[in-house]
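Chain residues, written in single-letter form:
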Amino acid sequence: MTMGWSFWFRVLVMWWLCLTLSVPAHAAISVVDDQGAKVTLAAPPQRIVSLLPSLTESVCVLGACGRLVATDRWSNWPESVRQLPKLGGLDDANLELILAQRPDLVLLSSSNRLAARLRALGLTVAELDAEDLPQVQRLLTKVAALLGVPQQAAVQWQVIESDIRKAQALVPPSARGTRVYFEVSSALYAAGESSYIGQLLTRLGAVNVVSAQWGPFPKLNPEFVVRAQPDLIMLSATEAEGLVRRPGWSQMKAVRHGRICAMPPVEYDVLSRPGPRLGAAAQVLARCLASAGGRR
């Protein structure tokens, strides 16, 4: 008995359905960035330009380092991104070089002035920033969504939390309650209690002399720090030598007794980037507190 055309038609239909269902389809991606702009992608981006180190590092820990085609000049971790084309910094990123990379997604800070121009030229742009721990978690969540791997954000946040708990164990009881001044720059910008650095210090049992009411990263009056008399000063090693020459600072107990944690560039890089290496940042802070001992 021969099989009719209707039988073969049904076979072809079934074959087509199986073939279609076996090919993974990517739903469109839609994320609202930190400026309230809706960022839409038809599929996960394959050519990404990142213009902020914390965003570069987030892309990499979320498993998409291979999709980066260029970064800002300061992105240097992980090692593989050092070989990528460098397009400038926060205030001087090169528009022509960005366009030459043919990116399907540009990640940058809300402080970067290029966002509007890039959008006007037809590029897909996401502006993302973080100043405290919840915002870092949100940043990871949004980057993961943009990459098409939303489930990875929670995984990475668990790693960060685990590393912070390990850092807490490094701080001896005698160091808890240490009053800390963390300097971000010699222009006297400090990490306040409400910043991600301040929140890490709190979780390690330290007390920040710059209260939350001043904001995450306030610019301070030099006399404020002298009057605050912190037990421990944390700052970049490149700025540490000049402390005694600041008016009044030579009389500070922390300066007189050498209770200064001067961090080398590698460690300071980790602390200056509100991204996936916050666990490592917590461990740097914990070692500073442990080496300084208790309050004096």
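Located above this text is the structure these notes cover.
Residues numbered from 1 in each chain as written. Predicted model: local features only at pLDDT ≥ 70, side-chain atom pairs only at ≥ 80, totals over all residues. Heavy atoms only, no water.

**Quick notes on the state of the cysteines**
Throughout this description, disulfide means a covalent bond between two cysteine sulfur atoms.
Then, in step 1: Under the definition given, this model contains two disulfides.
Then, in step 2: Disulfide pairing places C261 opposite C288 at an S-S distance of 1.8 Å. Across the S-S bond linking C261 and C288, the dihedral sits near -45°, which makes this disulfide left-handed. In this pair, C261 is assigned in strand β11 (residues 260-263) and C288 in helix α12 (residues 278-292), connecting sequence segments 27 residues apart. In this pair, the class of C261 matches that of C288, namely buried.
Then, in step 3: Counting its disulfide-bonded cysteines in sequence order, the protein shows a connectivity of 1-2, 3-4. (Disulfide = S-S within 2.5 Å. Helix = DSSP H or I, 4+ residues; strand = E, 2+ residues; numbered from the N terminus. Buried < 20%, exposed > 50% of the residue type's maximum accessible area, 1.4 Å probe, protein only.)

**Some details on the sheet that holds strand β6 (residues 125-127)**
Then, in step 1: Strand order in this open sheet of four strands is β4-β3-β5-β6, and the pairing throughout is parallel. Lying at the two open borders of the sheet, with one neighbouring strand each, are β4 (68-71) and β6. Across this sheet, the average inter-strand angle for adjacent strands is 20°, counted without regard to direction.
Then, in step 2: With three bridges joining them, strand β5 (residues 105-108) and β6 adopt parallel strand pairing. When the sheet's bridge partners are listed, L107 is paired in β6 with A126.
Then, in step 3: Helix α2 (residues 53-61) contacts β3 (48-50), β4 and β5 of the sheet and is inclined by roughly 160° relative to β4. (Pairing = 2+ DSSP bridges. Axes fitted to C-alpha atoms, helices over the stretch in contact; angles between N-to-C directions. Contact = heavy atoms within 4.5 Å.)

**Things to note about the side chain of S50**
Then, in step 1: Note that S50 resides in strand β3.
Then, in step 2: Of the polar contacts made by the side chain of S50, one reaches the side chain of T56; its length is 2.7 Å.
Then, in step 3: Contact partners of S50, with chain neighbours within four places excluded, come to L55, T56, L68, A70, T71, D72 and L107. (Polar contact = N/O pair within 3.5 Å; in protein donor to acceptor, adjacent residues only side chain to side chain.)

**Things to note about the nonpolar core**
Then, in step 1: With 60 residues, the main nonpolar core has L107, L146, F182, M234, M263, L285 and L289 as its most contacted residues.
Then, in step 2: Sorting elements by how many residues they give to this core places α12 first, with nine residues.
Then, in step 3: Once residues within four sequence positions are removed from consideration, L107 is found in contact with I48, V49, S50, L51, L52, L55, V59, A126, L128 and L146.
Then, in step 4: Residues A190, V210, L220 and V225 belong to the second largest nonpolar core, which totals 17 residues. (Core = buried A, V, L, I, M, F, W, Y, C linked by side-chain atoms within 4.5 Å.)

**Some details on the layout of surface pockets**
Then, in step 1: By volume, the largest pocket amounts to about 870 Å³.
Then, in step 2: Around the largest pocket sit 26 residues that line it, and L52, Y196, S272, R273 and P274 are the ones nearest its centre.
Then, in step 3: Broken down by secondary-structure element, the contributors of at least two residues to the lining of the largest pocket are α2, β7 (179-185), α7 (196-203) and α11 (265-271).
Then, in step 4: Taken together, the residues of the lining of the largest pocket break down into 15 nonpolar, six polar and five charged. (1 Å grid on protein atoms, 1.4 Å probe; cavity = no way out; pocket = protein on both sides within 12 Å on 5 of 7 lines; lining within 4 Å. Points joined across faces, edges and corners; volume = space filled by probe spheres on them. Nonpolar A, V, L, I, M, F, W, Y, C, P; charged D, E, K, R; others polar.)

**Points about the packing of aromatic side chains**
Then, in step 1: Overall, the coordinates contain four aromatic pairs when judged by the stated rule.
Then, in step 2: The interplanar angle of 50° and the centroid separation of 5.0 Å between the aromatic rings of W214 and F224 together place this pair among those described as tilted. Taken as a pair, W214 in the loop between β9 (207-208) and α8 (222-228) and F224 in helix α8 lie far apart in primary sequence, 10 residues in all.
Then, in step 3: Positioned above the aromatic ring of W249, the side-chain terminus of R246 is 4.6 Å from the ring centre. (Phe/Tyr/Trp six-rings, centres within 6.5 Å; stacked < 30°, edge-to-face > 60°. Lys NZ or Arg CZ within 6 Å of the ring centre and 35° of its normal.)

**Things to note about the pairing of β7**
Then, in step 1: Inspection of the sheet shows β7 paired to β9 by two bridges, in the parallel sense. Bridge assignment links V180 to a residue of β9, and that residue is N208.
Then, in step 2: Sheet topology places β7 next to strand β10 (residues 232-236); three bridges connect them, and they run parallel. Note on β10: the bridge partner recorded for V180 is L232.
Then, in step 3: Linking β7 to strand β8 (residues 189-190), which pair antiparallel, is a turn of three residues; within it L188 sits at a positive phi near 65°.

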